[in-house]
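Next come the chains, spelled out residue by residue.
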Amino acid sequence: MDLRLPWHREQWRQVQQRRSAGHLPHALLLVGPPGLGKGWFARRLARALLCEAPTAEGESCGQCRSCRLFQAGSHPDYSSVRPLEEGAVIKVDQVRELCAFLGYTARYGGYKIALLEPADRLNGNAANSLLKTLEEPWGACLLLLVTAWPARLPATVRSRCQRLSFGIPSPTLAVPWLAERTKEGPDPQTLLDWAGGAPLAALAYAGEEHWRRRRELAESYEQVSIARADPILAAESWMKEGLTENLRWLIGWHTDLIRLKMNPEPPRLNNADLGDMLQRWADRYPSRVLFERLDAAIQLHTLCTTTQANAQLLLEAFLAGGADPC
Ligand SMILES: [Zn+2]
């Protein structure tokens, strides 16, 4: 699998520079928002450091014994730890085992590498247990800690790692990458907008059923607004499967409606794939109404996500309010 991502060039350069200067630390903390492929970077680096014939750019060759074992998930000098279940913590026993692994001599005489992901899931005891290894690392070993929330790690752990930061990539890098992987799917820029600019999060979005659902909700909303559907039934449908997400979409549509109203050819829309439908809405209502509806959508989102208010009733009122806007 090709683990190279176009927006990792700078981080790769930094690490290679440290490597060739002989300054690769014993622990690297890979930090940045979720969905940027920090874990990919960590595995790419591990594979390259273990490779027996790396390229001039420091990449793994993909052919040697080490690369093949890594690919098969059975390299004896590489180990990775993650929570045993989704949302669980990384336990002290898991970390002890990992530290013991790092303590053995490398089977192939090179690096010993361990990956901890997501490192913010270390519980207190597990973090303490890791400290000893961080303070007195053995020989050529490298610990890779990956996290989107470094502040959740104890300062004692953070301060013993060298930090490598990842930021949201420029769309000029992310859009083509995404476009290649979502050929039949939704517009890559739209996906990226919804994922806050994080390409892997956007890719996960593309394959999901809720993307189709988003269009259905938009269509049902339009039907209610022209009094062709019942707001109570529509509200019931909105309540199903991720109300918070559905309300974020709603706000996004209304933001685009304002854009379309202000400029018939806006430079860009968050929901370019729904452009025709949104244009119909924008033509139907005066600006004042569109601004009021955006305010109401934001208020609805706030009430439904931060209070115990009856979301079904609020939704019904909101949808019914849109049926006769003028
Ligand atoms: Zn190799």
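None of the values given here were measured: they were computed from a predicted structure.

Reading guide: rules and limits
- Residues numbered from 1 in each chain as written.
- Predicted model: local features only at pLDDT ≥ 70, side-chain atom pairs only at ≥ 80, totals over all residues.
- Helix = DSSP H or I, 4+ residues; strand = E, 2+ residues; numbered from the N terminus.
- Buried ≥ 20, exposed ≤ 12 C-beta atoms within 10 Å, placed from the backbone.
- Expected span 1.5 Å × (residues − 1).
- Arc of directions from axis to C-beta.
- Contact = placed C-beta atoms within 7 Å.
- Pairing = 2+ DSSP bridges.
- Axes fitted to C-alpha atoms, helices over the stretch in contact; angles between N-to-C directions.
- Domains from an automatic or database assignment.
- Nonpolar A, V, L, I, M, F, W, Y, C, P; charged D, E, K, R; others polar.
- Parallel < 35°, antiparallel > 145°, perpendicular 65-115°, else oblique.
- Left-handed = near helix turned anticlockwise from the far one by under 90°.

Engineer: I'd like a description of the overall build of the protein, backed by residues and values.
Structural biologist: Looking only at helices and strands, one finds 15 helices and five strands in the protein. Across its three principal directions, the C-alpha atoms of the protein cover 75 × 40 × 30 Å. Across the 326 residues of the protein, 34% fall into the buried class.

Engineer: Give me helix H5 (residues 124–135): which residues, what numbers.
Structural biologist: The terminal C-alpha atoms of H5, which comprises 12 residues, lie 17 Å apart, in line with the 16 Å expected from a rise of 1.5 Å per residue. Buried within H5 are the following residues: Ala126, Leu130 and Thr133. Each buried residue of H5 lies within a common arc of 45° when the element is viewed along its axis, so the set occupies one face. Summarising the geometry of H5, the exposed residues directed more than 90 degrees from the buried face are Gly124, Lys132 and Glu135. Elements that come into contact with the buried residues of H5 comprise helix H4 (92–103), strand S4 (141–147) and helix H6 (155–158).

Engineer: Describe in detail the sheet that holds S4, supporting the description with residues and values.
Structural biologist: Taken together, the five strands give an open sheet; going across it, the order is S2-S3-S4-S1-S5, and neighbouring strands pair in parallel fashion. Every other strand in the sheet has two partners, leaving strand S2 (78–81) and strand S5 (162–165) as the edge strands with one partner each. In this sheet, neighbouring strand axes are inclined to one another by 20° on average, regardless of whether the strands run parallel or antiparallel. Inspection of the sheet shows strand S1 (residues 27–31) paired to S5 by four bridges, in the parallel sense.

Engineer: So what's going on with the domain arrangement of the protein? Residues and values would help.
Structural biologist: Interface size is commonly expressed as the accessible area that is lost once the parts come together. When the domains of the protein are assigned, the result is domain 1 (6–165), domain 2 (171–206) and domain 3 (210–322). For domain 1 versus domain 2, the separation of C-alpha centres amounts to 27 Å. The interface is formed by seven residues belonging to domain 1 together with eight residues belonging to domain 2. The residue inventory of the side of domain 1 that touches domain 2, partitioned by class, reads five nonpolar, two polar and no charged.

Engineer: How would you sum up the packing of helix H14 (residues 287–306) against helix H15 (residues 311–322)? Please name residues and give values.
Structural biologist: Viewed as axis vectors pointing N to C, H14 and H15 meet at an angle of 175°, and their least axial separation amounts to 10 Å. By the angle class used here, H14 and H15 are roughly antiparallel. Contacts from Arg293, Ala296, Leu300, Leu303 and Cys304 in H14 reach Ala311, Leu314, Phe318, Gly321 and Gly322 in H15. Its residues assigned to classes, the contact of H14 with H15 shows seven nonpolar, two polar and one charged.

Engineer: Go over unusual backbone geometry, please, and point to the residues and values.
Structural biologist: Peptide bonds are mostly trans, and most non-glycine residues show a negative phi. Note that the residue after Glu117, namely Pro118, is joined by a cis bond; omega there is -10°. Position of Pro118 among the secondary structure elements: in the loop between strand S3 (112–116) and H5. Here Ala227, not a glycine, exhibits a phi torsion of approximately 60°, which is positive. Within the secondary structure, Ala227 is located in the loop between helix H10 (210–225) and helix H11 (231–239).

Engineer: Just give me the short version of the packing of H4 against H5, but keep the residues and values in it.
Structural biologist: The N-to-C vectors of H4 and H5 enclose an angle of 15°; their axes lie 8 Å apart at closest approach. Between H4 and H5, the interaxial angle falls into the category roughly parallel. Along this stretch, H4 crosses H5, giving a crossing that reads as right-handed. On H5, the residues that touch Val92, Gln94, Val95, Arg96, Cys99 and Leu102 of H4 are Asn125, Ala126, Ser129, Leu130 and Thr133. For the contact of H4 with H5, the per-class residue count stands at six nonpolar, four polar and one charged.

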